[in-house]
Amino acid sequence: MTTATPRQLEFAIEGMSCASCVKRVQNALSGVPGVTQAQVNLATERAQVEAGAAVTPDALVAAIVQAGYEAHPIQADDDHAARQAEQRDAHAAALRRAFIVSLALTLPVFLIEMGGHLIPPLHHWILDHVGQRNSWLLQFALTTLVLAWPGRPFFVKGALALWRRAPDMNSLVALGASAAWAYSVVATFAPDWLPARAQNVYYEAAAVIVTLILLGRMLEARAKGRTGAAIQRLIGLQARTARVLRDGKTQDVDIASVRAGDLVLVRPGEQVPVDGEIIEGSSYVDESMLTGEPVPVAKEAGMAATGGTLNTSGSFTLRVTHTGADTVLARIIRMVENAQNARLPIQALVDRVTGVFVPVVMGLALLTFLAWLVWGPSPALTYALVHAVAVLIIACPCAMGLATPTSIMVGTGRAAEMGVLFRQGDALQSLRDVRVVAFDKTGTLTEGKPTLTDIEAAPGVDADQVLAWLAAVQARSEHPIAHAIVRAAEERGMTLAQASAFEAITGAGVRATVDGHAILAGAARLMQQSGVAHDGFETRIAQWGEAGKTPVYVAVDGRLAALVAIADPIKPSAAAAIAALHAQGIRTAMITGDNPHTARAVARQLGIDDVRAEVLPDGKVEAIASLRATHGNIAFVGDGINDAPALAAADVGIAIGSGTDVAIEAADVVLMSPGLQGVSNALAISRATLRNIRQNLFWAFVYNAALIPVAAGVLDPAFGISLSPMFAAGAMAASSVFVLANALRLKAYSPPRAA
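- Per an unreviewed UniProt entry, the chain is named P-type Cu(+) transporter, and its organism is Bordetella genomosp. 5.
- The heading Sequence similarities (unreviewed entry) in the UniProt record of the chain holds the text "Belongs to the cation transport ATPase (P-type) (TC 3.A.3) family. Type IB subfamily."
- UniProt's Subcellular location (unreviewed entry) comment on the chain is quoted here verbatim: "Cell membrane".

Right, dumping it as structure tokens:
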């Protein structure tokens, strides 16, 4: 019996404000029968759910609504990111209006009450010309307007959360502000209910709390918009129209109506609208949005062009190969969005704390109130109220909820700008712990465009005849070395015979019959396994190996006939990439099926620490396990189909974006540039992002741990140090803004370069 594959569903969530909200939505989704996993992200305001086929999106939306939030499903072809950006802009504008109204109403209250305390002449003027009762009535009217108008969302959402017995940040704000307001109302309209020394008002505390938290929310909304800037830039690269050749005429059509096979004209200075193959013309194309490399790339007929890149000079005609969600740019956007929605293992600590945080804070506030009421000096009720409200306000866990996801959003966005895509979000944390990076050789450290440089025939053997037979066999193979041999034969004008009984021997070579002769070609181990004596060429093999050339043995009818040398140029970026990894304290290794002489020569040129040569494709997994046991966590960098098992087996698999789709799908990280500098860039941005997350979490946790006791008045009896509710509100808002500002520093991150 086969098990149904779980579906992946995604939802946009509205109304979350802190880490407690995240926990609540996650618990609501996880409680739906059939849901196997649920992840909620405060920064992106999204939920990703893995569920069985029986679970409907409506059931999940209902669970979220039941928890007190709004939600709607995100479809694969939904332009959600653009719509979310518009909603965020509208939300930020609404918060700005609410803050301005709240500030205008709060300033008179603050000046009348606090100004009177700070400036004695003003205090006397208010008493003489306004009167204490009239000033209290004015403060009551203005503060009530603040709470009922711009502050209304705090009370509505906070009360609903309390009703559901799931208090959140809004509940803390609502309780704190309403406690200060209610106490002041009693002092204003029923002063006899209070002891004489406790007849004070705290309208300014209630009004300032709401105003400062609105200010924090407004700044937070602005900063959140900036954290998603990388996604917005990528979306902005998507063309809206394309100039299509139809019926012999060019016409501008909506990009949605472009189909595979259409011919598209791209002029100088225009964006390439879709993915395709150039069939006519040539140009230089700026691919920096893909690779992070600023130098335009030469393009001519037969080469691929990617939608979203910029045509800088000539014009060309493109035959469309991919449109819509299948384009490279659309896939990049999906990868970045998935990485930004990831929950790293470090988030588990935050989840454990925030699951109980708000109820604990409310308990601490109650204890603070009772302690000051019983043991506090006169007027005990006033002291009890002020300290309890300060505890409620200072402990809002906004910063905790934002600490991890904002850093992930900005870090993965910055990585995408550098041509590094995290397909799996947890690779961001896994990369930080990597101690050794292993590379495949062909196509990864080298260009993957080998050429035949030498041929050494056995005595009495015609070298050209052997090359013609060898090329006839290799014409049936897809291996890059086979292409090099066939190309060399064609360049010499040889006519290739038809090969029969062809067999590819994985990781070793090929065999076939040509003109009645049994041809066997490949590595020395293939000759040994086939019983073909292959000595007599040791000196030549050593010379070729020192030069970084790969020998291919050719046997005809069971006897060694010739040896050919294949050279694959090393990528210009390889040596600098290895040096950059060494500068970060990372050990390097090379795993290759090539012979030891050639492998060591390449390693010597690049400064690679460890070489594993003559490794068959299925042996790469064992080599990775061996390196892991010796050095610790390992990342593997490869580009071919035969690298897929190794990419999956490594702690972090890194695929070269110019490689095969199979390799890319097996990898955790994709480098869009064929150069290797992205490997060290990926490790550097991973470490920088995790360092940034630790800073954010330290600030969020230490801030609460340090200031809750101060707000509770622990230092008041001995040192006279306390925290008023107004300063508590300001500090709480400042903590969230600090976390966001710290995360935004990653936007300007530049990885270190090796000397």
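So much for the structure itself; the text now carries on.
Concerning the overall build of the chain
Consideration 1: When its secondary structure is counted, the chain shows 28 helices and 26 strands.
Consideration 2: Buried positions account for 53% of the 755 residues belonging to the chain.
Consideration 3: Residue pairs at least 24 apart in sequence account for 70% of intrachain contacts in the chain once pairs closer than 6 positions are excluded.
Consideration 4: For the chain, the accessible surface area stands at approximately 32,400 Å², while carbon and sulfur atoms represent 58% of it.

Digging into the packing of helix α5 (residues 132-148) against helix α7 (residues 169-189)
Consideration 1: Between α5 and α7, whose axes approach to 11 Å, the crossing angle comes to 150°. Considering their axes alone, α5 and α7 lie roughly antiparallel with respect to each other. Regarding α5 and α7, the two cross each other, and that crossing is left-handed. Between α5 and α7, the residues in contact are R133, W136, L137, F140, T143, T144 and L147 and A177, W181, V185, A187, T188 and F189, respectively.
Consideration 2: Residues that form the contact of α5 with α7 fall into these classes: nine nonpolar, three polar and one charged.

Description of the pattern of salt bridges
Consideration 1: Applying the stated criterion across every chain yields a total of 15 salt bridges.
Consideration 2: Among the ionic pairs, R267 bridges to E270, the shortest N-O distance being 3.4 Å.
Consideration 3: The residue E503 makes a salt bridge to R511 at a minimum N-O spacing of 3.5 Å.
Consideration 4: By sharing partners, the salt bridges in this structure join R243, D252, R267 and E270 into a single network.

Some details on the packing of helix α13 (residues 380-394) against helix α26 (residues 677-712)
Consideration 1: Where α13 contacts α26, the axes come no closer than 8 Å and their chain directions differ by 165°. It follows that α13 is roughly antiparallel to α26 by the angle criterion. The way α13 lies across α26 gives a crossing that is right-handed. Only Y703, N704, L707, I708, A711 and A712 of α26 make contact with α13, whose side of the interface consists of H387, A390, V391 and I394.
Consideration 2: Residue composition of the contact of α13 with α26, by class: eight nonpolar, two polar and no charged.

A short note on helix α6 (residues 152-163)
Consideration 1: Here α6 is 12 residues long and its end C-alpha atoms lie 16 Å apart, about the 16 Å a rise of 1.5 Å per residue gives.
Consideration 2: Burial in α6 covers these residues: F154, G158 and A161. One side of α6 carries all its buried residues, which in axial view fall inside an arc of 60°. Opposite the buried face of α6, by more than 90 degrees, sit the exposed residues R152 and W163.
Consideration 3: Once α6 ends, the next one or two residues include R165, with phi positive near 55°.

Some points on the UniProt feature "transmembrane region" (unreviewed entry) in the chain
Consideration 1: Following the UniProt record, one finds the feature "transmembrane region" (unreviewed entry) at residues 98-116, 136-160, 172-190, 202-219, 353-375, 381-404, 697-715 and 721-744.
Consideration 2: The annotated region residues 136-160 carries 88% helix and 0% strand content, and the separation between its end C-alpha atoms amounts to 30 Å.
Consideration 3: In the segment residues 202-219, helix accounts for 94% and strand for 0%; the C-alpha atoms at its two ends are 26 Å apart.

Comments concerning the confidence of the model for the chain
Consideration 1: For the chain, the average pLDDT comes to 82, and 89% of its residues sit at 70 or higher.
Consideration 2: Looking at the elements of the chain, mean pLDDT is at its lowest for helix α25 (residues 661-666), recorded as 61, and at its highest for strand β22 (residues 587-591), recorded as 94.

As for helix α21 (residues 574-583)
Consideration 1: A574, A577, I578, A580 and L581 are the residues of α21 that are buried. Taken around the axis of α21, the buried residues stretch over an arc of 160°, which confines them to a single face.
Consideration 2: Taken together, the buried residues of α21 touch β15 (436-440), α16 (441-445), β22, α22 (596-606) and α26.

A closer look at the packing of aromatic side chains
Consideration 1: Following the criterion strictly, the structure yields five aromatic pairs and no others.
Consideration 2: Relative to F189, the ring of F140 has its centre 5.1 Å away and its plane inclined at 80°; by these criteria the two rings are edge-to-face. Placement of the pair is F140 in helix α5 and F189 in helix α7, with a sequence separation of 49 residues.
Consideration 3: Plain terms: the ring middles of F140 and Y203 are 6.2 Å apart, the flat faces sit at 65° to each other, and that makes the pair edge-to-face. Residue F140 is located in helix α5, and its partner Y203 is located in helix α8 (residues 203-227); the two are separated by 63 residues in the primary sequence.

Topic: the sheet that holds strand β18 (residues 509-514)
Consideration 1: Overall, antiparallel pairing links the six strands, which are arranged β16-β21-β20-β19-β18-β17 in an open sheet. Both outer strands of the open sheet, β16 (451-457) and β17 (499-505), are each paired with one neighbouring strand and no more. Taking each pair of neighbouring strands and ignoring which way they run, the sheet shows an average axis angle of 20°.
Consideration 2: Sheet topology places β16 next to strand β21 (residues 559-567); six bridges connect them, and they run antiparallel. The partner of L452 across the bridge, within β21, is I566.

Focus: the environment of A472
Consideration 1: By secondary structure assignment, the location of A472 is in helix α17 (residues 463-474).
Consideration 2: Residue classification places A472 among the buried residues on the basis of a relative accessible area of 4%.
Consideration 3: A sequence separation of 47 residues divides A472 from I519, and the C-alpha atoms of the two residues are 9.7 Å apart.

As for the nonpolar core
Consideration 1: Counting residues in each nonpolar core, the largest one holds 136 residues, and the members touching the most others are F422, V437, V669 and V679.
Consideration 2: The element best represented in this core is α26, accounting for 15 residues.
Consideration 3: Grouped together as the second largest cluster of nonpolar side chains are 26 residues, A468, W469, A472 and V554 included.

Details of the sheet that holds strand β10 (residues 297-299)
Consideration 1: Here three strands make up an open sheet; going across it, the order is β10-β9-β12 and the pairing antiparallel. Since the sheet does not close on itself, it has two edges, and those belong to β10 and β12 (310-311), each with one partner.
Consideration 2: Pairing of strand β9 (residues 283-286) with β10 involves three bridges; the strand directions are antiparallel. By the bridge assignment for β10, S283 is matched with K299.

Cut-offs applied
- For every chain, the first residue of the written sequence is number 1, and numbering continues from 1 onward in sequence order.
- Thresholds applied to this predicted model are a pLDDT of at least 70 for local features of residues and 80 or more for the giving and counting of side-chain atom pairs; totals over whole chains, interfaces and linings are not thresholded and use all residues.
- Based on all heavy atoms of the structure, the side-chain values leave hydrogens and waters out of the count.
- UniProt positions are given in the numbering used here, feature names are shortened, and annotations may be inferred rather than shown by experiment.
- Think of it this way: any DSSP run of H or I at least four residues long counts as a helix, any run of E at least two long counts as a strand, and we number them from the N terminus.
- Each residue is placed in one exposure class: buried if its accessible area under a 1.4 Å probe, protein chains only, is under 20% of its type's maximum, exposed if it is over 50%, and partly exposed if it falls in between.
- Every residue pair with non-hydrogen atoms within 4.5 Å of one another is taken to be in contact.
- Method for areas: the Shrake-Rupley scheme with a 1.4 Å probe, in which residue coverage is limited to the protein chains shown.
- Every angle, taken between N-to-C directions, lies between 0 and 180 degrees, and every axis is a line fitted to C-alpha atoms, over only the stretch in contact when it is a helix.
- Should an angle lie under 35 degrees it is considered roughly parallel, over 145 roughly antiparallel, and from 65 to 115 roughly perpendicular; all remaining angles are considered oblique.
- Left-handed describes a crossing whose near helix is turned anticlockwise from the far helix through less than a right angle; right-handed describes the clockwise counterpart.
- Polarity classes work like this: nonpolar for Ala, Val, Leu, Ile, Met, Phe, Trp, Tyr, Cys and Pro, charged for Asp, Glu, Lys and Arg, and polar for all others, with Gly in that last group.
- Salt bridges are defined as contacts in which a side-chain nitrogen from Lys or Arg sits within 4 Å of a carboxyl oxygen from Asp or Glu.
- The length a helix should cover is 1.5 Å for every residue beyond the first.
- The directions from the helix axis to the C-beta atoms are what the arc is built from.
- Confidence of the predictor at the level of single residues is given by pLDDT, which spans 0 to 100.
- Geometry of aromatic contacts follows a simple scheme: Phe, Tyr and Trp rings, the Trp one being its six-membered ring, pair when their centres are within 6.5 Å, and the pair is stacked under 30 degrees between planes, edge-to-face over 60, tilted otherwise.
- Paired strands are those between which DSSP finds at least two bridges.
- The term nonpolar core refers to a set of buried residues drawn from Ala, Val, Leu, Ile, Met, Phe, Trp, Tyr and Cys, joined through side-chain atoms within 4.5 Å.

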